[in-house]
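Residue-level structure breakdown
Next come the chains, spelled out residue by residue.
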Amino acid sequence: METFQGTKDHWDASLYDVKHSFVSKYGNRLVELLAPRAGERILDLGCGTGDLAHTLYECGVEVVGIDNSENMVKQAISKYRHIPFMVQDATNLAYHDEFDAVFSNATLHWVQPPIEAVKGIYQSLKQGGRLVAEFGGKGNVQTITDEIIQQIKSSGFEFKAGQFPWFYPSIAEYSKLMEEVGFRVTFAQHYDRPTQLDGENGLRNWINMFGGMLFDGIPEHTKDQIIENVEINLTEILYQEGIWIADYKRIRVVGIK
Ligand code: BEZ
């Protein structure tokens, strides 16, 4: 799952489990692409609150879960005591030739600089091991983020490029990084995944859960007003029959060491 690199822990693990459980639900499709085999040793990079690590465990995998958020890791440990979970930074992995696979769902768009993560993942894998990952790709949730940035500027605040917390590459960009460190990229896909947000406050909850860094330095009452304006302006585009639909665009990659 997703982590803010190098900042305080913004994650509310309980809220994540209650309101954003779709992240792990979509991740089950990535488990199919991983096709885990019993006895394999697999690193779940960005394990969040542990649900997908648990799915791998149930497949007979010896799974290790890591996440940059202490809140998430604590919650994962409390749910699944039989699985080792640890707080670790994806740009500073210290594993060497020990995993059959690195699995990563909805995380790598948070990780910067991306090349450091790709190097560490490669180093963690045994020869012949695989990286199977899905995360936000070029244009991900752009309707939402463009509108937020527009509203921030209209409210008289500066928005600096460095405040944008995500890295949304194309498959060409990400494949290039993978190839640079030695991966043979065997699969790369960039696809639309319109994603239902939970309830009539779904967009607001999503922004509060994931978009906190966009509002750095903005007073709480102004932030609330900005989010309200975003809701108003996006209703026609993203609110259909009582449901908010976020314009997720994902990339999926598989690489072999
Ligand atoms: C994503 O999974 O694509 C994502 C989730 C939260 C914020 C940004 C992107």
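Description of the structure in this document. Everything quoted here is computed from the prediction, not taken from an experiment.

Of all 6 residues making up strand β2 (residues 62-67), 5 are buried, and the element is well covered by its neighbours. With 5 bridges joining them, strand β1 (residues 41-45) and β2 adopt parallel strand pairing. Residue pairing across strands places L43 opposite V64, the latter belonging to β2. Crossover handedness for the path β1 to helix α3 (residues 51-58) to β2: right-handed. Bridge count between β2 and strand β3 (residues 85-87): 3 bridges; the pairing is parallel. What sits directly across from G65, in β3, is F85. Running through helix α4 (residues 70-79), the crossover from β2 to the neighbouring parallel element β3 is right-handed.

For helix α8 (residues 202-210), the full list of buried residues reads G202, L203, W206, I207, M209 and F210. End-on, the buried residues of α8 take up no more than an arc of 165°, which puts them together on one face.

Parameters at a glance
Residues numbered from 1 in each chain as written. Predicted model: local features only at pLDDT ≥ 70, side-chain atom pairs only at ≥ 80, totals over all residues. Heavy atoms only, no water. Buried < 20%, exposed > 50% of the residue type's maximum accessible area, 1.4 Å probe, protein only. Helix = DSSP H or I, 4+ residues; strand = E, 2+ residues; numbered from the N terminus. Pairing = 2+ DSSP bridges. Right-handed = clockwise from strand over helix to strand, strands pointing away. Arc of directions from axis to C-beta.

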